[in-house]
Amino acid sequence: MGWLIVCFDLPVAEKEQMKEANAFRKNLLNLGYFMLQNSIYVRSCVTYDKTETHIRNVKLIAPSTGTISVFYITDRQWSLSICIEKSGYRKSKYKKKCGENAPKQMTFW
């Protein structure tokens, strides 16, 4: 099991660009990603083989401009990550706390 991390830098200077960026974020949520930061979304990936399907889906919903990077890390690497939150920061209604509702890996033996 691993995690797909989608990082993006999308232009939002014009109204149409802002509309595309917001639609992209909403589509990521609909595809099962959750917002880690404003331009970083993650989702669990049961097997590495499934990454191709998820990456293809990200390409299908990508806006016409901007830069999008997709990374795969193992569950072990994800478990070693650190989340630092300071009080007083504005919280997104979509953001989950680090590790919250993360799917558990199945153990067969």
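Each value, and the rule that gives it
Here, residues in each chain are numbered from 1, in the same order as that chain's written sequence. Whole-chain, interface and lining totals are the exception, using all residues; otherwise, since this is a predicted model, local features are given only for residues with pLDDT of at least 70 and side-chain atom pairs are given and counted only at 80 or more. Heavy atoms throughout the structure, all of them, feed into the side-chain values; hydrogens and water do not. Counting from the N terminus, the helices are the DSSP runs of H or I reaching at least four residues and the strands are the DSSP runs of E reaching at least two. Exposure categories follow from relative accessible area, calculated using a 1.4 Å probe and restricted to protein chains: below 20% of the type maximum is buried, above 50% is exposed, and the middle band is partly exposed. All accessible areas in this document rest on Shrake-Rupley with a 1.4 Å probe, and a residue is counted as covered only by the protein chains that are shown. We call a set of buried Ala, Val, Leu, Ile, Met, Phe, Trp, Tyr and Cys residues a nonpolar core when their side-chain atoms join them within 4.5 Å. Each pair of strands is called paired provided DSSP finds at least two bridges between the two strands. Axis definition: a line fitted to C-alpha atoms, over the contacting stretch in the case of helices. Angles run 0 to 180 degrees between N-to-C directions. Any two residues whose heavy atoms approach within 4.5 Å are treated as being in contact. A pair of aromatic rings is counted whenever rings of Phe, Tyr or Trp (Trp by its six-membered ring) have centres within 6.5 Å, and the orientation is called stacked for planes under 30 degrees apart, edge-to-face for over 60 and tilted otherwise. Ring-over charges, as used throughout, are those where CZ of Arg or NZ of Lys falls within 6 Å of the ring centre and within 35 degrees of the ring normal.

Some details on the overall build of the protein
Argument step 1. Assigned secondary structure in the protein consists of three helices and four strands.
Argument step 2. Ordered by position from N to C terminus, the α and β elements of the protein give β-α-β-β-α-β-α.
Argument step 3. Scored against the burial criterion, the 109 residues of the protein give a buried share of 24%.
Argument step 4. Carbon and sulfur atoms make up 53% of the accessible area of the protein, which amounts to about 8,100 Å² in all.

So, the nonpolar core
Argument step 1. Grouped together as the largest cluster of nonpolar side chains are 11 residues: Leu4, Val6, Phe8, Leu10, Ala21, Phe24, Leu28, Tyr33, Met35, Tyr41 and Val58.
Argument step 2. Of all hydrophobic cores here, the second largest spans seven residues; its members include Ile5, Phe34, Leu36 and Ile73.

A word on the sheet that holds strand 2 (residues 34-37)
Two orientations exist for strands paired in a sheet by backbone hydrogen bonds: parallel and antiparallel.
Argument step 1. With antiparallel pairing, four strands are arranged side by side in an open sheet as 2-3-1-4. Two strands bound the open sheet, and with one partner strand each, they are strand 2 and strand 4 (67-74). The sheet shows a mean angle of 30 degrees between the axes of neighbouring strands, taken without regard to direction.
Argument step 2. Bridging between strand 1 (residues 2-9) and strand 3 (residues 40-45) involves six bridges; their strand directions are antiparallel. Within strand 3, the residue paired with Val6 across the bridge is Tyr41.
Argument step 3. Sheet strands in contact with helix 1 (residues 15-30) are strand 1, strand 2, strand 3 and strand 4, and its direction is about 175 degrees off that of strand 1.

Quick word on the packing of aromatic side chains
Argument step 1. Scanning the entire structure with this criterion turns up four aromatic pairs.
Argument step 2. Summarising the aromatic geometry, the rings of Phe8 and Phe24 are spaced 5.0 Å apart at their centres and angled 85 degrees between planes, so their arrangement reads as edge-to-face. With Phe8 in strand 1 and Phe24 in helix 1, the pair connects residues that are 16 residues apart, well separated along the chain. Comparing Phe8 with Phe24, the two get one shared label, buried.
Argument step 3. The ring of Tyr33 carries Arg43 above its face, with NZ or CZ at 5.7 Å from the centroid.

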